[in-house]
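Coordinate analysis (summary)
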Amino acid sequence: MSNGRFHNISEAERLFALQHTDANLQLAKEISVKERITRIRKIERYLLDERHMAEWTDALRQDLGRAPEESRVIELLPFLVACKHVYDNLHGWVKDHPAGTPLAMAGLKGWTRYEPKGHVLIISPWNYPLQLTVLPLIHAIAAGNVVLIKPSEISAHTSAFIDRMIGDLFDEREVAVVEGDVPTTTALLNKPWHHIFFTGSPAVGRIVMKAAAEHLTSVTLELGGKSPVIVHDSYDITKAARDIAWAKLLNKGQTCIAPDYALIPDGELEDFLKAYRSAVDRMYDPQSQGLKRAKDYGRMVDGRNFKRVKALIVDAVAKGARIAIGGDMIEDERFIDPHVLIDVTPDMGVMREEIFGPVLPVLTYRDVKEVPQMIARLERPLSLYILSHDRKATEYLLRTTTAGTTAINELMVTTSNPMVPFGGINNSGIGKAGGHRSFVEFSNERGIQKRTWGTLAPLKPPFKPFFIKWAMRLSRL
């Protein structure tokens, strides 16, 4: 149970040893579907409780400068949708699934059984610190695992809330939290987990994967990258600008699926900029009091990330980019204006690194056939957005690009439907999540076969050419 103690490496060692015993893992494996759902419902009810909701929304306000309304929308709603999906489907997911049998293997019956991987480590990030902890957690519980959570030390207030919640709801042999900084995470990664679920940057994802390889531990890596939004000339540029402004500035751009740069038709730049400015004012400054006073416009999470984003802007301007929108940055307040950069080039940091802030580089193109090459200069993105009413152009873009997920004529929805797999590809992520895919990620798909009639005796030594000949024929039917 949580008692406000300071978590460190020794605490991580203690919790790992406590949870990792064979007896404890077997106990978790045998827990009924009904009990798994009961445990998930406890988390749901805890977060919906008015007193607790006030606590976690305030924690997010302290960590990210977020308005409580925004936190309820982007942290809680996706979780509630996921819970409902688990409640409706878990009984079906855990059932044995029959498999077919080739004619050459007649007499064998096959099926797949989903069993928990065992002991799972969830390393969650600071940008959506509640949602990206509880979403993988409920699927790990649904699959029957024992879980240790390492939340981000950057979003310290929210991490403290998560620690209290888990301590209130679970025996630490079932689910536990260990707080700490990089040495604590490193100590955890050196352990022989059965699965690691990590959400964060590609750079840290490489570290996690390398550590997991030492124990041949399976991983799910939800990473990020430079997700483009492509606006086709068949789409209204004003609507596109409004939607992009909303998507880019949600959580101040500190979102892995946020559009990282925009590609718009040549000749529509001025209309785009005008509509983008208007959208920012309408959403955050309708009374013209200035964004610094806007209650719904948050801040960068900490000084280090403020300096990182500022350095990207400074670097771009030094190399010839122009600030078409924005300009104000206040370090003491971690405040950065919504920025739109034009005249950007591939050598600039804003076009090589994931920005993770309220800065949008905009590039133009003459023909849609130029777009795939422009995207291919970068690593494969986590999400790719297409705004187009031209079916041929849309299909062309789908066919000539590669991305972990894609949304057409809507933004920021690639994580929201639990019936559609979510995840990156290569640099933007490994493994898929969401609904059944999350359940599978936390499960061992155990293939089982049983002899019900017949025998393989004719194919055993001493070998008889006649039986081998017929087996070869049957294998091709």
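Just above, that's the structure.
What comes next is a walk through the structure. This one's a predicted model, so the numbers in the text were calculated from it and none came from an experiment. (Residues numbered from 1 in each chain as written. Predicted model: local features only at pLDDT ≥ 70, side-chain atom pairs only at ≥ 80, totals over all residues. Heavy atoms only, no water.)

Considerations on the packing of helix 5 (residues 68–93) against helix 6 (residues 131–142)
Where we set the bar: The angle between two axes is taken between their N-to-C directions and runs from 0 to 180 degrees, where each axis is a line fitted to C-alpha atoms and a helix contributes only its stretch in contact. By the criteria applied, helices consist of DSSP H or I runs no shorter than four residues and strands consist of E runs no shorter than two, each listed in order from the N terminus. When describing relative orientation, an angle under 35 degrees is termed roughly parallel and one over 145 degrees roughly antiparallel, while 65 to 115 degrees is termed roughly perpendicular and anything else oblique. We call two residues in contact whenever any of their non-hydrogen atoms come within 4.5 Å of each other. Think of it as three bins: nonpolar holds Ala, Val, Leu, Ile, Met, Phe, Trp, Tyr, Cys and Pro, charged holds Asp, Glu, Lys and Arg, and polar takes everything else, Gly as well.
Running from N to C, helix 5 and helix 6 point in directions that differ by 10°, and their axes come no closer than 9 Å. On the basis of their axis angle, the class for helix 5 and helix 6 is roughly parallel. Facing Ile74, Glu75, Pro78, Phe79, Ala82, Cys83, Val86 and Leu90 of helix 5, the residues of helix 6 in contact are Gln131, Val134, Leu135, Ile138, His139 and Ala142. Its residues placed into classes, the contact of helix 5 with helix 6 shows 11 nonpolar, two polar and one charged.

Things to note about the sheet that holds strand 13 (residues 339–342)
We apply this condition: A pair of strands is considered paired only if DSSP assigns at least 2 bridges between the two.
Strand order in the open sheet made by the seven strands is 10-13-14-9-8-15-16, with mixed pairing throughout. Two strands close off the open sheet at either side, each with one partner strand: strand 10 (322–325) and strand 16 (405–408). Averaged over all pairs of adjacent strands, the angle between strand axes in this sheet comes to 25°, irrespective of strand direction.

Some thoughts on helix 2 (residues 22–29)
Side chains three or four residues apart in an α-helix point the same way, a direct result of the helix having 3.6 residues per turn. What counts here: Each residue is assigned to one of three classes by its accessible area relative to the maximum for its type, calculated with a 1.4 Å probe on protein chains only: buried under 20%, partly exposed between the two thresholds, exposed over 50%. In this description, the arc belongs to the directions extending from the helix axis to the C-beta atoms.
Residues of helix 2 that are buried: Asn24, Leu25 and Ala28. What you see down the axis of helix 2 is that its buried residues fit within an arc of 95°, all on one side. Exposed residues on helix 2 whose side chains face more than 90 degrees from its buried face are Asp22, Ala23 and Leu27.

A few points about the layout of surface pockets
Put simply, the rule is: Here the term cavity refers to a set of points on a 1 Å grid, laid over the protein atoms alone, in which a 1.4 Å probe fits but cannot get out; the term pocket refers to an open set having protein on both sides within 12 Å along at least five of seven lines, with lining residues being those that place an atom within 4 Å of a point. Grid points are joined across faces, edges and corners, and a volume is the space filled by probe spheres set on the points.
Reported here for the largest pocket is a volume of approximately 1200 Å³. Looking at the largest pocket, it is lined by 45 residues, and the ones nearest its centre are Phe198, Gly200, Ser201, Pro202 and Val204. Residue assignment for the lining of the largest pocket shows that the elements contributing at least two residues are helix 8 (182–189), strand 6 (195–199), helix 9 (202–213) and helix 12 (303–318). The element contributing the most residues to the lining of the largest pocket is helix 9, with seven residues. Class assignment for the residues of the lining of the largest pocket results in 19 nonpolar, 13 polar and 13 charged. Approximately 690 Å³ is the volume found for the second largest pocket. Taken together, 31 residues make up the lining of the second largest pocket; nearest its centre are Pro78, Gln131, Leu135, Thr415 and Ser416. When the residues that make up the lining of the second largest pocket are grouped by side-chain class, the tally is 20 nonpolar, 10 polar and one charged.

Quick word on the packing of aromatic side chains
The test is simple: Pairing of aromatic side chains requires ring centres within 6.5 Å, counting the rings of Phe and Tyr and the six-membered ring of Trp. Pairs whose planes differ by under 30 degrees are stacked, by over 60 edge-to-face, and all others tilted. Only lysine NZ and arginine CZ atoms are considered, and such an atom sits over a ring when it is within 6 Å of the ring centre and within 35 degrees of the ring normal.
Considering all chains together, one arrives at 10 aromatic pairs under this definition. Centroid distance Phe272 to Tyr276: 5.8 Å. Interplanar angle 40°. Geometry classified as tilted. Highlighted residues: Phe272 and Tyr276, both in helix 11 (residues 269–284), separated by four residues, approximately one helical turn. Like Phe272, the residue Tyr276 is buried in the burial classification. Among the aromatic residues, those joined into a cluster by ring pairs are Trp93, Tyr114 and Phe439. Directly above the aromatic system of Trp111 lies the positively charged group of Lys109, at a separation of 5.8 Å from the ring centroid.

Let's talk about the nonpolar core
Filter applied, for reference: Put simply, buried Ala, Val, Leu, Ile, Met, Phe, Trp, Tyr and Cys residues joined by side-chain atoms within 4.5 Å make one nonpolar core.
Counting residues in hydrophobic clusters, the biggest one holds 92 residues, and the most contacted among them are Ile43, Leu47, Phe272 and Tyr276. Per element, the largest residue contribution to this core is nine residues, and it comes from helix 5. Setting aside its immediate chain neighbours within four residues, Tyr276 contacts Ala241, Ile244, Ala245, Lys248, Leu249, Ile325, Val340 and Leu360. The next biggest cluster of nonpolar side chains, apart from the first, holds 28 residues, and it includes Met300, Ile336, Met351 and Leu397.

Observations concerning the environment of Ser278
By secondary structure assignment, the location of Ser278 is in helix 11. Residues Ser278 and Arg242, 36 residues apart in the sequence, show an inter-C-alpha distance of 8.0 Å.

A few points about the pattern of salt bridges
This is how the line gets drawn: Counted as salt bridges are all cases of a side-chain nitrogen of Lys or Arg within 4 Å of a carboxyl oxygen of Asp or Glu.
What the rule picks out here adds up to 22 salt bridges. Residues Glu174 and Arg39 are paired through a salt bridge, measuring 3.2 Å at the closest nitrogen-oxygen approach. Pair noted here: Glu174 is in the loop between helix 7 (156–169) and strand 5 (175–177) and Arg39 is in helix 3 (residues 33–48), with a separation of 135 residues, a long-range link. With relative accessibility at 14%, the residue Arg39 sits in the buried group. Close ionic contact of Asp315 with Lys319 constitutes a salt bridge, the shortest N to O distance being 3.1 Å. Connected through shared salt-bridge partners, Glu11, Arg14 and Glu172 make up one network.

Here we look at the sheet that holds strand 4 (residues 146–150)
Taken together, the six strands give an open sheet; going across it, the order is 5-4-3-6-7-17, and neighbouring strands pair in mixed fashion. Each having just a single partner strand, strand 5 and strand 17 (429–430) make up the two edges of the open sheet. Pairing between strand 3 (residues 119–123) and strand 6: four bridges, direction parallel. Of the residues in strand 6, the one forming a bridge with Ile123 is Phe198. In the packing of helix 9 onto the sheet, contacts are made with strand 6, strand 7 (218–222) and strand 17, and the angle to strand 6 comes to roughly 175°.

Section: the pairing of strand 2 (residues 108–116)
Of the pairings in the sheet, the one linking strand 1 (residues 97–99) to strand 2 comprises three bridges and is antiparallel in character. Bridge pairing links His97 to Thr112 in strand 2. Direction of pairing for strand 2 relative to strand 18 (residues 443–451): antiparallel, over a ladder of nine bridges. The residue bridging Tyr114 from the neighbouring strand is Glu445, located in strand 18.

Some words on unusual backbone geometry
For the bond from Pro461 to Pro462, the omega torsion is -5°, close enough to zero to count as cis. Locating Pro462 in the fold gives a position in the loop between strand 18 and helix 16 (465–474). In this model, Ser288 sits at a positive phi of 55°, which is unusual for a non-glycine residue. Using a relative accessible area of 64% as the deciding quantity, one classes Ser288 as exposed.

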